Amino acid sequence: MLVVFCICTFAFRSLVVPLRAIFTICLTLCFSFGTGVLVYERHALDWTHFKGFSNPGGDALAWITTSMLMPISVGLSLDYDIFLLTRIFEYRKGSFNDYQSILCGLSQTGSVITAAGMVMAVAFSGLLLSSNSTLNQVSWFLVCCVLIDTFIVRTIIVPALMILLGEKNWWPSRFDV
């Protein structure tokens, strides 16, 4: 996460943007890992009788799943975040105020982020058909992470936080209004 902080600080000349990025990435990770625990440790979807949701290893997640998915999930979330923020930053450097730049940035990137998220979710969901329970867990986490990040975090939570923060998003930099 230190690397994420340094990259965002350098790219956007702000201390608030990287802190918000780390918060939203952690939010996505918490939600996807929480659903993974519900499905594979608490057996919340056993009623479907779908083998991709069962855990033949007992009541624990495979150790490789969580350690492997952390960097992949952070990379996917950061990619979508930087894509959105770059557009917002471009509008903000132009003649737009904070509110207008957030709305314009979201309208310009929202469909691309959504399409990319759907493609990734469909691609990752193919692993649910595997007979290997570890691959099933990897698939669940990746699909969950991409869908939550695409449909909730990047399109609702990030713009809402940025609108609430207003000019503080770019602190210590300043833009002429």
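Since we're looking at a predicted model, the values are computed, not measured.

1. A word on the overall build of the chain
What the chain contains, in helices and strands, is 5 helices and 0 strands. Ordering the α and β elements of the chain from the N terminus gives α-α-α-α-α. Oriented by its inertia axes, the alpha-carbon framework of the chain measures out at about 60 × 30 × 20 Å. In the chain, buried positions account for 41% of the 177 residues. Partitioning the intrachain contacts of the chain with sequence separation of at least 6 by distance along the chain shows that 71% fall at a separation of at least 24.

2. Let's talk about the nonpolar core
Residues V4, F12, Y40, F53, W140, M162 and W170 are the most contacted members of the largest nonpolar core, which totals 39 residues. Looking at this core, the elements with two or more residues in it are α1 (2-12), α2 (16-40), α3 (63-93), α4 (98-125) and α5 (133-165). In terms of residue count, α5 provides more of this core than any other element does, 11 residues in total. Leaving out residues up to four positions away in the same chain, M162 has contacts with R20, L85, I88, I102, N169 and W170.

3. Some details on the side chain of R154
Checked against the element boundaries, R154 lands in helix α5. A relative accessible area of 0% means that R154 is categorised as buried. A distance of 3.2 Å separates the side chain of R154 from the side chain of T24, its partner in a polar contact. Aside from chain neighbours lying at most four places away, what touches R154 is R20, T24, I25, S77, Y80, D81, L84, L106, I113, D149 and P159.

4. Looking at the packing of aromatic side chains
This structure, assessed with the given rule, holds 6 aromatic pairs. The interplanar angle of 45° and the centroid separation of 5.0 Å between the aromatic rings of F33 and F141 together place this pair among those described as tilted. One end of the pair, F33, is in helix α2; the other, F141, is in helix α5, and 108 residues separate them in sequence. Residue class for F141 comes out buried when judged on its relative accessible area of 1%. Both rings, one in Y91 and one in F96, keep their centres 5.0 Å apart while their planes meet at 90°; by these two values the pair is edge-to-face. Assessed through its relative accessible area of 19%, Y91 is described here as buried.

5. Focus: the packing of α2 against α5
Contact geometry for α2 and α5: axes closest at 8 Å, N-to-C directions at 145°. Viewed along their axes, α2 and α5 form a crossing whose handedness is right-handed. Class assignment for the residues of the contact of α2 with α5 results in 19 nonpolar, 7 polar and 3 charged.

6. Re unusual backbone geometry
Following W171, the chain continues to P172 via a peptide bond in cis, the omega torsion being 10°. With respect to the helices and strands, the residue P172 is situated in the segment after α5. If you check the backbone angles, H43 has positive phi at about 55° while not being a glycine. On the secondary structure map, H43 appears in the loop between α2 and α3. Judged by its relative accessible area of 26%, H43 falls in the partly exposed class. For H49, which is not glycine, the phi torsion reads 60° and is therefore positive.

What counts, and where the lines are drawn
Residues numbered from 1 in each chain as written. Predicted model: local features only at pLDDT ≥ 70, side-chain atom pairs only at ≥ 80, totals over all residues. Heavy atoms only, no water. Helix = DSSP H or I, 4+ residues; strand = E, 2+ residues; numbered from the N terminus. Buried < 20%, exposed > 50% of the residue type's maximum accessible area, 1.4 Å probe, protein only. Contact = heavy atoms within 4.5 Å. Core = buried A, V, L, I, M, F, W, Y, C linked by side-chain atoms within 4.5 Å. Polar contact = N/O pair within 3.5 Å; in protein donor to acceptor, adjacent residues only side chain to side chain. Phe/Tyr/Trp six-rings, centres within 6.5 Å; stacked < 30°, edge-to-face > 60°. Axes fitted to C-alpha atoms, helices over the stretch in contact; angles between N-to-C directions. Left-handed = near helix turned anticlockwise from the far one by under 90°. Nonpolar A, V, L, I, M, F, W, Y, C, P; charged D, E, K, R; others polar.

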